[in-house]
Amino acid sequence: MIERAERAIEPSLTQEMEITGEEIERRKAFLEFGDEDVERLMSMNELAQQYADSVIEAFYRHLLSFEEGRAFFPDPALLERVKRKQKAYFVRLTQGNYGPQYVEDRLRIGLLHERINLPTKLYLGMYNFYLRTVASYLLEAYPQDSKKAFGLFLSLLKLVFLDINLAIDTYIHKRERTLRLQQEAIREISTPVLQLRQGLLILPIIGVVDSLRALQLTEQLLRTIRSNRARVVVMDITGVPVVDSKVANHFIQTVEAARLMGATVILTGLSPAIARSLVSLGVDLSRIRTVGDLQGGIEEADHLLGYRVVKGEELDARARPA
Amino acid sequence: MAVPILRQGSYLIASVQSELTDADWVQLGDGLAEQVGRHRSRGVIVDVTALEVMDSFAARALSTIASMTRLRGAETVIVGIQPEVAFAMVQLGLAPTLVHIVTALDLDDGFALLDRRTREDAEGGRGG
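Reading the values: rules and limits
- Residues numbered from 1 in each chain as written.
- Chains lettered and ligands numbered in written order.
- Predicted model: local features only at pLDDT ≥ 70, side-chain atom pairs only at ≥ 80, totals over all residues.
- Heavy atoms only, no water.
- Helix = DSSP H or I, 4+ residues; strand = E, 2+ residues; numbered from the N terminus.
- Buried < 20%, exposed > 50% of the residue type's maximum accessible area, 1.4 Å probe, protein only.
- Contact = heavy atoms within 4.5 Å.
- Areas by Shrake-Rupley, 256 points an atom, 1.4 Å probe, with all protein chains shown as cover.
- Pairing = 2+ DSSP bridges.
- Axes fitted to C-alpha atoms, helices over the stretch in contact; angles between N-to-C directions.
- Parallel < 35°, antiparallel > 145°, perpendicular 65-115°, else oblique.
- Left-handed = near helix turned anticlockwise from the far one by under 90°.
- Nonpolar A, V, L, I, M, F, W, Y, C, P; charged D, E, K, R; others polar.
- Expected span 1.5 Å × (residues − 1).
- Polar contact = N/O pair within 3.5 Å; in protein donor to acceptor, adjacent residues only side chain to side chain.
- Phe/Tyr/Trp six-rings, centres within 6.5 Å; stacked < 30°, edge-to-face > 60°.
- Core = buried A, V, L, I, M, F, W, Y, C linked by side-chain atoms within 4.5 Å.
- Patch = residues over 30% accessible without salt bridge, like charges linked within 9 Å, V, L, I, M, F, W, Y side chains within 5 Å.
- Salt bridge = Lys/Arg side-chain N within 4 Å of Asp/Glu carboxyl O.
- Lys, Arg positive; Asp, Glu negative; His and termini not counted.
- Charge placed at Lys NZ, Arg CZ, Asp CG, Glu CD.

Asker: Please set out the overall build of chain B residue by residue, giving values where relevant.
Answerer: The helix and strand inventory of chain B stands at four helices and five strands. Ordered by position in the sequence, the α and β elements of chain B form the string β-β-α-β-α-β-α-β-α. The 128 residues of chain B split such that 49% are buried. For chain B, the proportion of contacts with a sequence separation of at least 24, taken over those separated by at least 6, is 76%. By element, 52% of the accessible surface of chain B is carried by carbon and sulfur atoms, the whole surface being about 6300 Å².

Right under this line is the structure:
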């Protein structure tokens, strides 16, 4: 499961998440992570190699004792693979060289965990477990020199916080991207431009209109005017809950832009409340054609385009000689 | 670059093929106003399909051209303003400059519009 996902990941997460070399340095500076920390960590490497297996074993025993943890390891082969990777990471913590490549690796691993939906409580819990276990091993290794042991531990703590931060950032980054995509999708869906007849477009607007949506809406309308060779557009705002002066100005801009392309816009569906608020705000809509409801708007549009809608029976009656 | 002015029946067509300098716009306006009289044209079509940018001077120039030709007895239609250009113009607040000019989607629609207008005028003339 994990290896398959790994191959699909794009190469430079650091770029995508804008974690530049400078940014890495800033983060390290904030944690006061310096050269002496790197030295201290590297001095622990031998110890880490020695204890890696027992730390990893202890951790997975702990993780698997929880139902939520077990759910991630349906088969033993996977568990073995993940253990190997965890061990590699555990040793990596004390191997120095915490530059861009190290950061990229952390982000990649963070994204993997996000993909398999590992809850952050387990993620952070894992780090906590490591730190506690390592702390006790360090005290064991330097029974006479607890000050040294504590110094080593603090260096490790800084690095671990750097890593945690990166991992959590991938979670946030991923969710934000999903959110953005969904917002785009909603916007796309919510402003369809429909052709009712040759030369006549309907633009039903539903929901709150903000600046961004107004821009998109205008762009989409203008493109459709060109592609469908529309001459009249009925813009219905029955479904817009609030129209303040800002939104009204957006509508005015849309109408003017459409006019520059030779299309007439008819605005329909202004509710009494919106009409009142526009009047009291002093918004001047006199340059815009407004009609009460969608039906009236379409009738007006038909008139402008020279269409006449006549019931079949009436037409028959008229055609019959008197 | 000077814009060639073509005659098509009772209409004049000026097709702007590249960005014009301020002087070019003035020259185009003078040329159109002069030829409207010479050919007794009823309509003018300025085609700006090829323009990717329209600044405030160009917008004002178009508005001036429309007013000048109207005084000389011909209706002007601006055709081919691209979606991006229309959008940018509105954003720049240029739309009020063009509030009195007539627009159409393209040359085809521009002709249709002029035909309709001149016919209405003729009918109105008979009625009065």
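Asker: How would you explain the sheet that holds strand β2 (residues 200-206) of chain A if you had to name every residue and give the values?
Answerer: Residue and element names in this part refer to chain A. The sheet built from five strands is open, its strands ordered β1-β2-β3-β4-β5 with mixed pairing. What marks the edges here is a single partner per strand, and that holds for β1 (194-197) and β5 (289-291). Averaged over all adjacent pairs, the angle separating strand axes in this sheet is 30°, with direction ignored. Note that strand β4 (residues 264-268) and β5 share three bridges and pair parallel. Looking at β5, one finds that Ile 266 is bridged to Arg 289. The strands touched by helix α12 (residues 245-260) are β2, β3 (232-239) and β4; relative to β3, the strand with the most contacts, the crossing angle is about 165°. Across the sheet, helix α14 (residues 294-305) touches β1, β2, β3, β4 and β5, and the angle it forms with β3 is around 175°.

Asker: Give me the packing of helix α7 (residues 76-92) of chain A against helix α9 (residues 120-141) of chain A: which residues, what numbers.
Answerer: All names here are of chain A. In the contact formed by α7 and α9, the axes pass within 13 Å of each other and the chain directions differ by 55°. As the angle between them shows, α7 and α9 are arranged oblique. Remark: the crossing between α7 and α9 carries right-handed chirality. The segment α7 lies against α9, with Gln 86, Tyr 89 and Phe 90 engaging Met 126, Tyr 127, Tyr 130 and Val 134. By residue class, the composition of the contact of α7 with α9 is six nonpolar, one polar and no charged.

Asker: Tell me about helix α2 (residues 56-71) of chain B, and please be specific about residues and values.
Answerer: Within an α-helix, residues lying three or four positions from one another point in the same direction, as the helix has 3.6 residues per turn. All names here are of chain B. Spanning 16 residues, α2 covers 23 Å between terminal C-alpha atoms, matching the ideal 22 Å at 1.5 Å per step. Listed as buried for α2 are Ala 58, Ala 59, Ala 61, Leu 62, Ser 63, Ile 65, Ala 66 and Thr 69. Against α1 (22-39), β3 (43-47), β4 (75-79) and α3 (83-91) lie the buried residues of α2. Between the side-chain oxygen of the N-cap and the backbone nitrogen of Phe 57 there are 3.3 Å, and the N-cap of α2 in question is Asp 55. Residue Gly 73 follows α2 closely and has a positive phi angle near 100°.

Asker: Give a description of the packing of aromatic side chains that names residues and reports values.
Answerer: Geometrically, a pair of aromatic rings is defined through the distance of the ring centres and the angle of the planes. All names here are of chain A. Going through the model one piece at a time under the given rule, you end up with 12 aromatic pairs over all chains. Seen in terms of ring centroids, Phe 33 and Tyr 98 are 5.7 Å apart; in terms of plane orientation they differ by 75°. Their pairing is edge-to-face. Taken as a pair, Phe 33 in the loop between α3 (21-30) and α4 (35-43) and Tyr 98 in the loop between α7 and α8 (100-115) lie far apart in primary sequence, 65 residues in all. Like Phe 33, the residue Tyr 98 is buried in the burial classification. Measuring from centroid to centroid gives 6.3 Å for Tyr 89 and Tyr 127, while their planes differ by 85°, and the two rings are edge-to-face. Taken as a pair, Tyr 89 in helix α7 and Tyr 127 in helix α9 lie far apart in primary sequence, 38 residues in all. Looking at Tyr 89, the relative accessible area reads 9%, which means it is buried. Exposure remark for Tyr 127: the relative accessible area of 4% places this residue in the buried category.

Asker: Describe the side chain of Thr 268 of chain A, and please don't skip the residues or the numbers.
Answerer: All names here are of chain A. Within the secondary structure, Thr 268 is located in strand β4. By relative accessible area, Thr 268 is classed as buried at 0%. There is a polar contact of 2.7 Å between the side chain of Thr 268 and the side chain of Asp 236. Setting aside chain neighbours within four positions, we find Thr 268 in contact with Val 234, Met 235, Asp 236, Ile 237, Thr 238, Val 291, Gly 292, Asp 293, Leu 294 and Gly 297.

Asker: I'd like to hear about the nonpolar core, residue by residue, with values.
Answerer: If you look at the biggest cluster of nonpolar residues, it comprises 67 residues, and the most contacted ones within it are Ile 225 of chain A together with Trp 25 of chain B. Considering every element that reaches this core, the biggest residue donor is α12 of chain A, with eight residues. Contacts of Trp 25 of chain B, omitting those with residues within four sequence positions, involve Val 16, Leu 20, Leu 51, Phe 57, Ala 58, Ala 61, Leu 62 and Ile 65 of chain B.

Asker: Go over a negative patch on the surface, please, and point to the residues and values.
Answerer: A cluster of acidic side chains, namely Glu 219 of chain A together with Glu 19, Asp 22, Glu 52, Asp 55 and Glu 84 of chain B, defines a negative patch on the protein surface. If you trace the backbone, Glu 219 of chain A turns up in helix α11 (residues 211-228). Accessibility expressed as a relative area gives 35% for Glu 219 of chain A, which makes it partly exposed.

Asker: So what about unusual backbone geometry? Which residues, and what values?
Answerer: Residue and element names in this part refer to chain A. Backbone geometry places Glu 32, a non-glycine residue, at a positive phi of 55°. Residue placement: Glu 32 occurs in the loop between α3 and α4. Residue classification places Glu 32 among the exposed positions, given a relative accessible area of 62%.

Asker: Give a description of the interface of chain B and chain A that names residues and reports values.
Answerer: On the chain A side, the residues contacting the 21 residues of chain B number 17 residues. Run the count over chain B and chain A and you get two salt bridges. The residue Arg 229 of chain A makes a salt bridge to Asp 109 of chain B at a minimum N-O spacing of 3.0 Å. Our count for the chain B to chain A interface comes out at nine residue pairs in polar contact (both at pLDDT 80 or more). Those elements that place two or more of their residues in the side of chain B that touches chain A are α3, β5 (102-104) and α4 (107-127) of chain B. Ranked by residues supplied to the side of chain B that touches chain A, first place goes to α3 of chain B with seven residues. Counted by class, the side of chain B that touches chain A contains 13 nonpolar, three polar and five charged residues.

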